[in-house]
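Structural overview
The chain contents come next:
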Amino acid sequence: MSVIAVHYGIYCHEDQYLSAIREATGYSFVTDDTVVEEASRRSGISASRLRKAFDAKPSIFNSFTNDRERARAWFRMIVAEYLVKENVMFGGFTAMMVPAAVKHALKVCLIANRDARLAAAATLGISESDAQKTMRAGDSDAAEWVNTLTGNTDPWAAGLYDIVIPVDKSTPLEAAALVKEMLGREAVQPDARSRKTAQDALLAAQVEVQLATKGHFVSVAADAGTVTLTVNGHVSDLERLGTTLRAAVIDMPGVDDVRVVGGRDIHTPSIYRQCNFELPNRVLVVDDERDFAQTLSQRLEVREMGSAVAYDGESALEIVERDQPEVMILDLKMPGVDGKEVLRRVKETRPEVEVIILTGQGSEADREECMKLGAFAYLEKPVDIEQLSSVLLKANTKARQNLKSA
């Protein structure tokens, strides 16, 4: 049977329309939450971190962690697994991961004009200002997501879908009837070629996940057992990298041959970098001495540790909430929210984050207070970088253990 992939805007009565379509077709329903929870269970990555992949703005740690790319690899594989089963309806962002080449997938968009969406929000008791803010954020997330997958910056462009249903001009029952009618048309019936395309998509996604777990992020395509890996970013020795990539996937079930090619960005300044998940890669350096903070971050990066910098306590707390660091290197004496207050708040709201105090103006009383507040270690400036690196590795191990037990 055919597959349905439904993408929708916020405040489009999507629950009512999706329910009506499910009732009319009898299809099983796969939501973004379904995909995220399954990806979390199988990857070991927290669901909250995986959901960040839907945000328009990536984490400040993403260049080191490749969290967004890992999440998308897992999402793509799980969507592909459901896709080959057929008789399923996808709803949400992950619906856009159904390949356009799979002709038995009916792509549907549920959308309405701005005023209709604001009116829908009002029925939920949401003020117009709050609704506008949520709509802007939601549409921005959708635009970035769709652009990444299709190259189209308009998430509601008619050319992306087989049916665009204006929910302000049709009822849920009318929409469901239209979808059911379209499902009966020859153009969306599965055939041998369409099913092969779905199987190829599944193999490509499985290979992508296999590579992602080893820290490699490349574009993957498959055709009847032949897998093509396209490397983007500058590589000094493509042949050597190709040997590594082939070895990682050639023994996978369904893989008969592996080709490695350079993409259009192969000669750009962007450097291809394998991600080492064992090393700390979500470290937040917090210090109002900008030169010191930047230099320390650079010295950690030389040691293949990924870090970001905040120059005051308030910014640090915002980053902790938004970007989920695992370890913080924190100065005590800062204007505004000082280090002790940052430590106290972090341990109240995100106790799994390990905090290393690094200060040049502390006292023994400060040390005792910080350790009581939950600091992992208390170090004084100037600190030997090797000593700090050793403490950081231990703190990072504990932080990841905290996450697993949370």
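We now turn to the structure provided with this report. All figures in this text were calculated on a predicted structure; none of them were measured in a lab.

With that settled, the discussion passes to the sheet that holds strand β6 (residues 219-223). Hydrogen bonding along the main chain pairs the strands of a sheet, whether they run parallel or antiparallel. Reading across the sheet, the three strands line up as β6-β7-β8 and stay open at both edges, with mixed pairing between neighbours. Lying at the two open borders of the sheet, with one neighbouring strand each, are β6 and β8 (257-262). Mean inter-strand twist for the sheet, computed between neighbouring axes without regard to direction, equals 20°. Here strand β7 (residues 226-231) runs beside β8; their pairing, made up of six bridges, is parallel. Within β8, the position partnered with L229 by the bridge is V260. Helix-sheet contacts for helix α9 (residues 192-213) involve β6 and β7, and the interaxial angle to β6 is about 140°. Against the sheet, helix α10 (residues 238-249) engages β7 and β8, with an angle of about 150° to β8.

Further remarks concern the nonpolar core. Judged by nonpolar contacts, the single largest core of 68 residues is most densely connected at I4, F75, F90, L106, V108 and V179. In terms of residue count, the dominant contributor to this core is helix α5 (residues 67-83) (nine residues). Beyond its immediate sequence surroundings of up to four residues, V108 is in contact with I4, A5, V6, H7, Y161, I163, I165 and V179. Core analysis: the second largest hydrophobic core is formed by 23 residues, A310, M328, L332 and V337 among them.

Another aspect to go through is the pattern of salt bridges. Following the criterion strictly, the structure yields 33 salt bridges and no others. The shortest N-O distance in the salt bridge between R185 and E181 comes to 3.1 Å. Given a relative accessible area of 45%, E181 falls into the partly exposed group. Salt-bridge contacts for R367 lead to E380; the nearest nitrogen and oxygen are separated by 3.8 Å. Of the two residues, R367 sits in helix α14 (residues 364-373) while E380 sits in strand β13 (residues 377-380), which places them 13 residues apart along the sequence. Residue class for E380 comes out partly exposed when judged on its relative accessible area of 45%. Through salt bridges with shared partners, a single network forms among E38, R41, R42 and E81.

A few words now on the environment of K372. Mapped onto the elements, K372 comes out in helix α14. Considered as a pair, K372 and H104 are 268 residues apart in the sequence and their alpha carbons are 61 Å apart.

All chains considered together, the criterion is met by four aromatic pairs. For the pair F54 and F75, a centre-to-centre distance of 5.3 Å together with 20° between the ring planes defines the contact as stacked. Of this pair, F54 sits in the loop between α3 (47-51) and α4 (62-65) while F75 sits in helix α5, and the two are 21 residues apart along the sequence. In this pair, the class of F54 matches that of F75, namely buried. Look at F54 and F93: their rings are 5.4 Å apart centre to centre, the planes differ by 85°, and that puts the pair in the edge-to-face class. Here F54, found in the loop between α3 and α4, pairs with F93, found in the loop between β3 (88-91) and β4 (105-111); they are 39 residues apart in sequence, far enough to count as distant. The buried category is assigned to F54, whose relative accessible area is 11%. Overall, the relative accessible area of 15% leaves F93 in the buried class. Put simply, the rings of F54, F75, F93 and W145 touch in pairs and so form one group of aromatic residues.

Moving on to unusual backbone geometry. Here the bond from K381 into P382 is cis, since omega is -5°, no more than 30 degrees from zero. Along the chain, P382 turns up in the loop between β13 and α15 (385-405). Phi is positive for E304, which is not a glycine, with a value near 65°. You can see E304 is positioned in the loop between α11 (290-302) and β10 (307-310).

The next point concerns the sheet that holds β4. Pairing is parallel in the open sheet, where five strands are placed in the order β2-β3-β1-β4-β5. Two strands close off the open sheet at either side, each with one partner strand: β2 (28-31) and β5 (163-166). Each strand axis lies, on average, 20° off the axis of its neighbour in the sheet, ignoring direction.

Cut-offs and rules
- Residues numbered from 1 in each chain as written.
- Predicted model: local features only at pLDDT ≥ 70, side-chain atom pairs only at ≥ 80, totals over all residues.
- Heavy atoms only, no water.
- Pairing = 2+ DSSP bridges.
- Helix = DSSP H or I, 4+ residues; strand = E, 2+ residues; numbered from the N terminus.
- Axes fitted to C-alpha atoms, helices over the stretch in contact; angles between N-to-C directions.
- Contact = heavy atoms within 4.5 Å.
- Core = buried A, V, L, I, M, F, W, Y, C linked by side-chain atoms within 4.5 Å.
- Buried < 20%, exposed > 50% of the residue type's maximum accessible area, 1.4 Å probe, protein only.
- Salt bridge = Lys/Arg side-chain N within 4 Å of Asp/Glu carboxyl O.
- Phe/Tyr/Trp six-rings, centres within 6.5 Å; stacked < 30°, edge-to-face > 60°.

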